[in-house]
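Residues per chain are reported as follows:
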Amino acid sequence: MIDVLVAGGGPAGLATAINAALAGMEAVVVEPRPGPVDKACGEGLMPTGAAALADLGVAVPDGRPFRGIRYVDGPQRVQAEFRDGPGLGVRRTALHTALAHRARDLGIRVVPGRVDAVHAAGEGVRAHVTGGPDLSAPELCAPELCGPELGRPELGGSALYGPELPGPELCGREFGARWLVAADGLHSPIRARLGLDLASRGPRRYGLRRHYRIAPWTDFVEVHWAPGGEAYVTPVGDDLVGVAVLSSERRTYDEHLARFPDLLARLDGPPATPVRGAGPLRQRVRRRVAGRILLVGDAAGYVDALTGEGISLALLSARALVGCLMVGRPEEYENAWRRLSWRSRLLTAALVRARRHPPAARMIVPAARRLPAVFGAAVRSLA
Ligand SMILES: Cc1cc2nc3c(=O)[nH]c(=O)nc-3n(C[C@H](O)[C@H](O)[C@H](O)COP(=O)(O)OP(=O)(O)OC[C@H]3O[C@@H](n4cnc5c(N)ncnc54)[C@H](O)[C@@H]3O)c2cc1C
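On a predicted model such as this, the values are computed, not experimentally measured, just so you know.

Rules used in this analysis
- Residues numbered from 1 in each chain as written.
- Predicted model: local features only at pLDDT ≥ 70, side-chain atom pairs only at ≥ 80, totals over all residues.
- Helix = DSSP H or I, 4+ residues; strand = E, 2+ residues; numbered from the N terminus.
- Buried ≥ 20, exposed ≤ 12 C-beta atoms within 10 Å, placed from the backbone.
- Pairing = 2+ DSSP bridges.
- Axes fitted to C-alpha atoms, helices over the stretch in contact; angles between N-to-C directions.
- Core = buried A, V, L, I, M, F, W, Y, C linked by C-beta atoms within 7 Å.
- Expected span 1.5 Å × (residues − 1).
- Parallel < 35°, antiparallel > 145°, perpendicular 65-115°, else oblique.
- Left-handed = near helix turned anticlockwise from the far one by under 90°.
- Contact = placed C-beta atoms within 7 Å.
- Nonpolar A, V, L, I, M, F, W, Y, C, P; charged D, E, K, R; others polar.
- Near = placed C-beta within 6 Å.

### Details of the overall build of the protein
Point 1. For the protein, the helix and strand inventory stands at 11 helices and 20 strands.
Point 2. Counting every position in the protein, which comprises 383 residues, the buried fraction comes to 51%.

Printed below as a string of structure tokens:
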């Protein structure tokens, strides 16, 4: 029996497996998409997330440091710097490669496929794995969100995991594990199957992102505000900038971007990647521990991408989760997750709530300008 079977090889799943391996446990990851995995993301890794990667022994992925957050609303702007070192703007493919290499070096098996049915079995869990590598990944880029530019993950990449790892012939099999960790993303099929989803209130928000081949004009992550949506800009390389738009309105990426004329004027290079989308973003979850099954990363619940700390939280809660398994008290993970995430849940929910009311939304940047100490404290508490 494996110690920890991890469903999902995103940052949360790979970090869980790496933590488990470092603690002397055998971990196996099941992931349907061949690496390096790309995803709709603002790609700003907060300083705590960058530190958590280093703690895992993950080599610093190629990217571009940023030293704080800047809010921009027309001519008004306000910014705050992090106190304890920079964050890292990093392409998801680079982040995935760095995590996958560390996992490979620790001997962690990554099985191509999808965890399907899961059920309790004595002192463990049994999980059914179906399919081999999935090259269409429809749930990550719905055509109605991404339009004709629908991105398809690149072929190949299995070399990332090394030749010694099992191929698709291992799929369609049952795995027995002492614990199963669901790290299967925002719309976690495992969470749904366990009946842990809760209905979400309020408008549904979506995120779309694309990259531009231009030199970054700033070493801050910029959040641009406009009626009906936000655009946030992350420098991810010396000649590459990512722009993610967030909104509750279903429009194409270009229609969203047209609301930010000043930003649009800066994006004078051709797009470097296709549009990728994700949503609805808000996911409420009943609880994060169900017997021997634990939820981590976006599968554990998500408020919104507006404050950009999803990856950091995933890395930190993966560490907490494995800590709870190590001492044989998985049930303590629920409180550990709440402690790690309460600040970001509170601040993000407050911002999204303010966003819903146009008069309040118009006040966000002016208020932050008038109260720079409060803005700085908020930025640093998310960092
Ligand atoms: C528009 C947008 C912008 C964002 N910006 C930022 C940002 O700037 N900074 C930041 O820190 N966070 C940001 N986030 C959030 C961040 O992307 C997530 O928090 C992060 O990806 C969570 O990682 P994860 O491993 O939980 O999920 P994912 O990265 O989604 O990985 C889940 C994996 O599970 C796999 N999977 C699905 N079903 C199964 C199954 N049945 N069996 C096995 N595997 C399965 C999927 O293929 C996938 O690879 C943003 C999100 C969005 C949508």
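### A word on the sheet that holds strand 16 (residues 240-247)
Point 1. A sheet is described by the order of its strands in space; here seven strands give the open sequence 6-5-14-15-16-13-17, paired in mixed fashion. Edge positions in the sheet fall to strand 6 (76-81) and strand 17 (276-278), since each of these pairs with one other strand and no more. Shown here is a sheet whose adjacent strand axes are inclined to one another by a mean of 20°, direction ignored.
Point 2. Where strand 13 (residues 206-212) and strand 17 come together, three bridges link them in antiparallel fashion. Note that in strand 17 the partner of arginine 209 across the bridge is arginine 276.

### Side note on the nonpolar core
Point 1. Judged by nonpolar contacts, the single largest core of 110 residues is most densely connected at Val4, Ala17, Leu180, Val181 and Val296.
Point 2. If you tally residues by element for this core, the top one is helix 8 (residues 310-326), at 10 residues.

### Some thoughts on unusual backbone geometry
Point 1. Of the consecutive residues glycine 35 and proline 36, the connecting peptide bond is found in the cis state with omega at -5°.
Point 2. The topology assignment puts proline 36 in the loop between strand 2 (27-31) and strand 3 (44-45).
Point 3. Here glycine 279 and proline 280 are connected by a cis peptide whose omega angle stands at -10°.
Point 4. Position of proline 280 among the secondary structure elements: in the loop between strand 17 and strand 18 (284-285).

### Some points on helix 8
Point 1. Over its 17 residues, helix 8 runs 24 Å from end to end, which matches the ideal 24 Å to within 8%, given 1.5 Å per residue.
Point 2. Phi turns positive one or two residues past the end of helix 8, at glycine 328, with a value near 70°.

### Describing the pairing of strand 5 (residues 68-73)
Point 1. With respect to burial, strand 5 is a largely interior element, six of its six residues being buried.
Point 2. Side chains Gly68, Arg70 and Val72 of strand 5 all project onto a buried face; the interleaved residues Ile69, Tyr71 and Asp73 project onto the opposite face, where all are buried too.
Point 3. When strand 5 meets strand 6, the two strands line up antiparallel, connected through six bridges. When the bridges of strand 6 are listed, tyrosine 71 appears paired with valine 78.
Point 4. Taking the residues between adjacent antiparallel strands as the criterion, strand 5 and strand 6 are bridged by two residues, where glycine 74 takes a positive phi near 60°.
Point 5. Both strand 5 and strand 14 (residues 221-226) contribute to a ladder of four bridges, which runs parallel.

### Things to note about the packing of helix 2 (residues 47-55) against helix 8
Point 1. For the pair helix 2 and helix 8, interaxial distance at closest approach is 8 Å and the crossing angle is 45°. Relative to helix 8, the element helix 2 lies oblique. Of the two possible hands of crossing, helix 2 and helix 8 adopt the one that is left-handed. Contacts between helix 2 and helix 8 involve Thr48, Gly49, Ala52 and Leu53 from the first element and Ile311, Ser312, Leu315, Leu316 and Arg319 from the second.
Point 2. Residue composition of the contact of helix 2 with helix 8, by class: five nonpolar, three polar and one charged.

### Notes on the sheet that holds strand 3
Point 1. The sheet built from three strands is open, its strands ordered 3-7-4 with antiparallel pairing. With partners counted over all chains shown, the strands left at the sheet margins are strand 3 and strand 4 (64-66), one partner each.
Point 2. Bridge count between strand 3 and strand 7 (residues 87-89): two bridges; the pairing is antiparallel. The residue bridging glycine 44 from the neighbouring strand is glycine 89, located in strand 7.

### Topic: the environment of proline 358
Point 1. Looking at the element boundaries, proline 358 is found in helix 10 (residues 358-370).
Point 2. Taking the C-alpha atoms as reference points, proline 358 and glycine 228, 130 residues apart in sequence, are found 8.5 Å from one another.

### As for the site of the ligand
Point 1. Around the ligand, 40 residues are found, and the nearest of them are Gly10, Gly42, Gly207, Gly297 and Gly310.
Point 2. In terms of residues, the shell around the ligand owes the most to one element, helix 8, which gives four residues.
Point 3. Each residue belonging to the shell around the ligand can be placed in one class, and the counts come to 19 nonpolar, 12 polar and nine charged.

### Some details on helix 2
Point 1. Buried residues of helix 2: Pro47, Thr48, Gly49, Ala50, Ala52 and Leu53, and no others.
Point 2. Check the buried side of helix 2 and you find it contacts strand 3, strand 7 and helix 8.

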